[in-house]
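Coordinate inspection notes
Given next are the chains, with one letter for each unit.
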Amino acid sequence: MVRAGRGSKEKLIKDFRSVIADTEELMKLVSNEGEGKAQMVRDKLNQNLSVAKEYLRNFEDVVVDKSRVAARATDEYVHENAWQTVGLAIAVGILVGYLISPRD
């Protein structure tokens, strides 16, 4: 579940960066157009692009902060419950070994 969430977040960030790059490319293409409506479109795109970049920076900061908190909580849990963690790891290892062992 954590990996799925992390993958989703990474995909969202990648997609968002792609949209920003496409918008920047569009800005370059329309920069040679004449004044009037083209200028209004460029200004609006530039404003939206700035907002999107700021949102992406904030989103990445939140993801990094939450990842650090989760890692810290996991580390604390393992240290506080070392024997339970070792027991669980052994149980999982035995279960996996049983499941992958050949059966006659």
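Residues numbered from 1 in each chain as written. Predicted model: local features only at pLDDT ≥ 70, side-chain atom pairs only at ≥ 80, totals over all residues. Heavy atoms only, no water.

Recorded in UniProt for the chain, the comment headed Subcellular location (unreviewed entry) runs: "Cell inner membrane". Annotation of the chain in UniProt includes, under Sequence similarities (unreviewed entry), the sentence "Belongs to the ElaB/YgaM/YqjD family." (UniProt positions renumbered as here; feature names shortened; annotations may be inferred.)

When you go through the chain residue by residue, the secondary structure sums to three helices and zero strands. Ordered by position from the N terminus, the helices and strands of the chain form the series α-α-α. Classification of the 104 residues of the chain by burial places 12% in the buried group. When contacts within the chain are restricted to residue pairs at least 6 apart in sequence, those whose partners lie at least 24 apart make up 60%. (Helix = DSSP H or I, 4+ residues; strand = E, 2+ residues; numbered from the N terminus. Buried < 20%, exposed > 50% of the residue type's maximum accessible area, 1.4 Å probe, protein only. Contact = heavy atoms within 4.5 Å.)

In this section: the nonpolar core. If you look at the biggest cluster of nonpolar residues, it comprises seven residues: Ile13, Ile20, Leu49, Ala52, Leu56, Phe59 and Val63. Secondary-structure elements contributing two or more residues to this core are α1 (2-30) and α2 (37-80). Per element, the largest residue contribution to this core is five residues, and it comes from α2. The residues contacting Ile13, other than those within four sequence positions of it, are Leu56, Phe59 and Glu60. (Core = buried A, V, L, I, M, F, W, Y, C linked by side-chain atoms within 4.5 Å.)

This part covers a nonpolar patch on the surface. Taken together, the side chains of Leu88, Val92, Leu95, Val96, Tyr98, Leu99 and Ile100 define a hydrophobic patch exposed on the protein surface, amounting to about 730 Å² of accessible area. Note on placement: Leu88 falls in helix α3 (residues 82-100). (Patch = residues over 30% accessible without salt bridge, like charges linked within 9 Å, V, L, I, M, F, W, Y side chains within 5 Å. Areas by Shrake-Rupley, 256 points an atom, 1.4 Å probe, with all protein chains shown as cover. Salt bridge = Lys/Arg side-chain N within 4 Å of Asp/Glu carboxyl O.)

Attention now moves to the UniProt feature "transmembrane region" (unreviewed entry) in the chain. Mapped onto this numbering, the UniProt entry gives "transmembrane region" (unreviewed entry) at residues 82-100. Each end of residues 82-100 is marked by a C-alpha atom, and these two atoms are 27 Å apart; helix forms 100% of the span and strand 0%.

All right, on to the pattern of salt bridges then. Applying the stated criterion to the full structure yields two salt bridges. With a closest N to O distance of 2.9 Å, Arg57 and Glu54 form a salt bridge. In this pair, Arg57 and Glu54 both sit in helix α2, three residues apart, roughly one turn of the helix. Judged by its relative accessible area of 45%, Arg57 falls in the partly exposed class.

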